[in-house]
Amino acid sequence: QVQLVESGGGSVQAGGSLRLSCASSGRTPITYTLGWFRQAPGKEREFVAAITGSGGSTDYADSVRGRFTISRDNARNTMYLQMNRLKPEDTAVYYCAGRYLRITVRAADYAYWGQGTQVTVSS
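Calculation notes
- Per-chain numbering applies: the sequence of each chain, read as written, is numbered from 1 onward.
- Local features are withheld for residues below a pLDDT of 70 in this predicted model, meaning they are given only at 70 or higher, and side-chain atom pairs are given and counted only at 80 or more; totals for whole chains, interfaces and linings count all residues.
- Side-chain metrics in this entry use all non-hydrogen atoms of the structure; hydrogen atoms and water are not considered.
- The numbering of helices and of strands both runs from the N terminus, where a helix is a DSSP run of H or I of at least 4 residues and a strand a run of E of at least 2.
- Accessibility here uses a 1.4 Å probe with only protein chains present; expressed as a share of the type maximum, an area under 20% marks a residue as buried, one over 50% as exposed, and anything in between as partly exposed.
- The term salt bridge refers to a pairing of a side-chain nitrogen on Lys or Arg with a carboxyl oxygen on Asp or Glu at a separation within 4 Å.
- Sulfur atoms of two cysteines make up a disulfide when they are within 2.5 Å.
- Strand pairing is assigned whenever DSSP identifies at least 2 bridges connecting the two strands.

## Some thoughts on unusual backbone geometry
The backbone of R85 sits at a positive phi, close to 50 degrees, despite the residue not being glycine. We note that L101 has phi near 75 degrees; this positive angle belongs to a residue other than glycine. Secondary-structure assignment places L101 in the loop between β9 (92-100) and β10 (112-113). Accessibility expressed as a relative area gives 70% for L101, which makes it exposed.

## Remarks on the pattern of salt bridges
Applying the stated rule across the entire model yields six salt bridges. For E46, the salt bridge is made with R38, and the minimal N-O distance between the two is 2.6 Å. Residue class for E46 comes out partly exposed when judged on its relative accessible area of 37%. Residue classification places R38 among the buried residues on the basis of a relative accessible area of 5%. Between R38 and D90 there is a salt bridge whose closest N-O contact spans 2.9 Å. Separated by 52 residues along the polypeptide, R38 in strand β4 (residues 32-39) and D90 in the loop between β8 (78-83) and β9 bring together distant segments of the chain. In this structure D90 comes out as buried when scored by relative accessible area, which is 1%. Through salt bridges with shared partners, one network takes in R38, E46, R67 and D90.

## Here we look at the state of the cysteines
Taken as a whole, this structure holds one disulfide when the rule is applied. The side chain of C22 participates in a disulfide bridge whose partner is C96; the two sulfur atoms lie 1.9 Å from each other. Measuring handedness by torsion sign, the sulfur bridge of C22 and C96 sits at about -65 degrees and is left-handed. Residue C22 is found in strand β3 (residues 18-26), and its partner C96 is found in strand β9; the two are separated by 74 residues along the sequence. Here C22 falls in the buried class, since its relative accessible area comes to 0%. Exposure remark for C96: the relative accessible area of 0% places this residue in the buried category.

## Let's talk about the pairing of β4
Of all eight residues in β4, seven are buried, a share of seventy percent or more. Here β4 runs beside β9; their pairing, made up of eight bridges, is antiparallel. Across the sheet, Y32 pairs through a bridge with Y100, a residue of β9. Relative to strand β5 (residues 46-51), β4 runs antiparallel, the two sharing five bridges. Along β5, the bridge assignment pairs W36 with A49. Hairpin connection of β4 to β5: six residues between the antiparallel strands, including G42 at a positive phi of 80 degrees.

Take it as geometry only, folks, not as evidence of what the structure does.
Structure, rendered in C-alpha coordinates:
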(Lines give C-alpha, C1' and ligand atoms only; values in the text may rest on other atoms or scores of the structure.)
Protein backbone atom coordinates (compact mmCIF):
# COMPACT_ATOMS: atom_id res chain seq x y z
CA GLN A 1 0.00 0.00 0.00
CA VAL A 2 0.98 3.61 -0.56
CA GLN A 3 -0.03 6.50 1.69
CA LEU A 4 0.15 10.07 0.39
CA VAL A 5 -0.09 13.31 2.38
CA GLU A 6 -0.11 16.75 0.75
CA SER A 7 0.98 20.02 2.34
CA GLY A 8 1.88 23.54 1.31
CA GLY A 9 -1.43 24.91 0.12
CA GLY A 10 -2.61 28.38 1.03
CA SER A 11 -3.77 31.73 -0.26
CA VAL A 12 -1.72 33.93 -2.56
CA GLN A 13 -2.27 36.86 -4.89
CA ALA A 14 -2.15 36.46 -8.65
CA GLY A 15 1.43 36.35 -9.88
CA GLY A 16 2.66 34.79 -6.67
CA SER A 17 4.16 31.37 -5.98
CA LEU A 18 3.50 28.33 -3.82
CA ARG A 19 5.22 24.99 -3.41
CA LEU A 20 3.17 21.90 -2.68
CA SER A 21 4.67 18.78 -1.16
CA CYS A 22 3.47 15.19 -1.20
CA ALA A 23 5.00 12.84 1.34
CA SER A 24 4.66 9.16 0.59
CA SER A 25 5.03 6.07 2.74
CA GLY A 26 4.61 2.40 2.12
CA ARG A 27 6.02 0.83 -1.02
CA THR A 28 9.38 1.93 -2.39
CA PRO A 29 8.74 5.30 -4.09
CA ILE A 30 10.89 4.61 -7.10
CA THR A 31 8.50 1.90 -8.22
CA TYR A 32 5.59 4.22 -8.89
CA THR A 33 4.59 7.30 -10.83
CA LEU A 34 3.29 10.28 -8.87
CA GLY A 35 1.01 12.99 -10.14
CA TRP A 36 -0.88 16.12 -9.19
CA PHE A 37 -4.53 16.66 -9.98
CA ARG A 38 -6.81 19.53 -9.03
CA GLN A 39 -10.52 20.06 -8.62
CA ALA A 40 -12.29 23.39 -8.54
CA PRO A 41 -15.85 23.75 -7.19
CA GLY A 42 -18.38 22.42 -9.67
CA LYS A 43 -15.73 21.03 -11.99
CA GLU A 44 -14.25 17.62 -12.64
CA ARG A 45 -10.87 16.61 -11.29
CA GLU A 46 -8.20 17.46 -13.86
CA PHE A 47 -4.63 16.44 -14.50
CA VAL A 48 -1.92 18.96 -13.61
CA ALA A 49 1.44 17.18 -13.79
CA ALA A 50 3.10 13.81 -13.26
CA ILE A 51 6.57 12.36 -12.83
CA THR A 52 7.89 8.82 -13.20
CA GLY A 53 9.44 6.88 -10.34
CA SER A 54 13.00 7.71 -11.33
CA GLY A 55 12.12 11.32 -12.08
CA GLY A 56 13.36 10.89 -15.61
CA SER A 57 10.10 11.71 -17.33
CA THR A 58 7.45 14.36 -16.64
CA ASP A 59 4.23 15.60 -18.21
CA TYR A 60 2.19 18.76 -17.71
CA ALA A 61 -1.23 20.03 -18.57
CA ASP A 62 -1.07 22.77 -21.20
CA SER A 63 -2.65 25.22 -18.75
CA VAL A 64 0.32 24.99 -16.35
CA ARG A 65 3.24 24.19 -18.65
CA GLY A 66 5.98 26.76 -18.22
CA ARG A 67 4.60 27.95 -14.86
CA PHE A 68 4.60 24.77 -12.75
CA THR A 69 7.48 22.38 -12.14
CA ILE A 70 7.11 18.88 -10.74
CA SER A 71 10.02 17.13 -9.03
CA ARG A 72 10.67 14.38 -6.54
CA ASP A 73 13.27 13.41 -3.96
CA ASN A 74 13.10 9.66 -3.48
CA ALA A 75 15.59 9.80 -0.60
CA ARG A 76 13.01 11.88 1.28
CA ASN A 77 9.98 10.08 -0.17
CA THR A 78 8.62 13.44 -1.22
CA MET A 79 7.28 14.95 -4.43
CA TYR A 80 6.96 18.68 -5.06
CA LEU A 81 4.98 21.01 -7.27
CA GLN A 82 6.50 24.45 -7.62
CA MET A 83 3.80 26.80 -8.83
CA ASN A 84 4.84 30.19 -10.19
CA ARG A 85 2.91 33.02 -11.82
CA LEU A 86 -0.28 31.76 -10.25
CA LYS A 87 -3.61 32.81 -11.72
CA PRO A 88 -7.08 32.95 -10.17
CA GLU A 89 -8.08 30.01 -12.38
CA ASP A 90 -5.49 27.88 -10.57
CA THR A 91 -7.71 28.01 -7.49
CA ALA A 92 -8.66 24.45 -6.56
CA VAL A 93 -8.05 21.59 -4.18
CA TYR A 94 -4.82 19.93 -5.27
CA TYR A 95 -4.45 16.17 -4.88
CA CYS A 96 -1.38 13.99 -4.95
CA ALA A 97 -1.90 10.63 -6.66
CA GLY A 98 0.16 7.51 -7.30
CA ARG A 99 0.13 4.59 -9.69
CA TYR A 100 2.50 1.91 -10.93
CA LEU A 101 4.03 2.02 -14.40
CA ARG A 102 3.81 4.90 -16.87
CA ILE A 103 2.38 8.40 -16.64
CA THR A 104 -1.24 8.84 -17.63
CA VAL A 105 -3.49 11.90 -17.42
CA ARG A 106 -6.63 10.04 -16.34
CA ALA A 107 -7.53 10.30 -12.68
CA ALA A 108 -9.18 6.87 -12.84
CA ASP A 109 -5.79 5.28 -13.59
CA TYR A 110 -4.35 6.35 -10.24
CA ALA A 111 -4.93 3.96 -7.34
CA TYR A 112 -3.59 6.01 -4.45
CA TRP A 113 -4.73 9.48 -3.39
CA GLY A 114 -3.98 12.02 -0.71
CA GLN A 115 -6.60 14.05 1.12
CA GLY A 116 -5.97 17.24 -0.86
CA THR A 117 -4.72 20.72 -0.06
CA GLN A 118 -6.50 23.98 -0.90
CA VAL A 119 -4.86 26.57 -3.15
CA THR A 120 -6.59 29.93 -3.47
CA VAL A 121 -5.35 32.64 -5.85
CA SER A 122 -6.92 36.06 -5.57
CA SER A 123 -6.91 38.69 -8.31
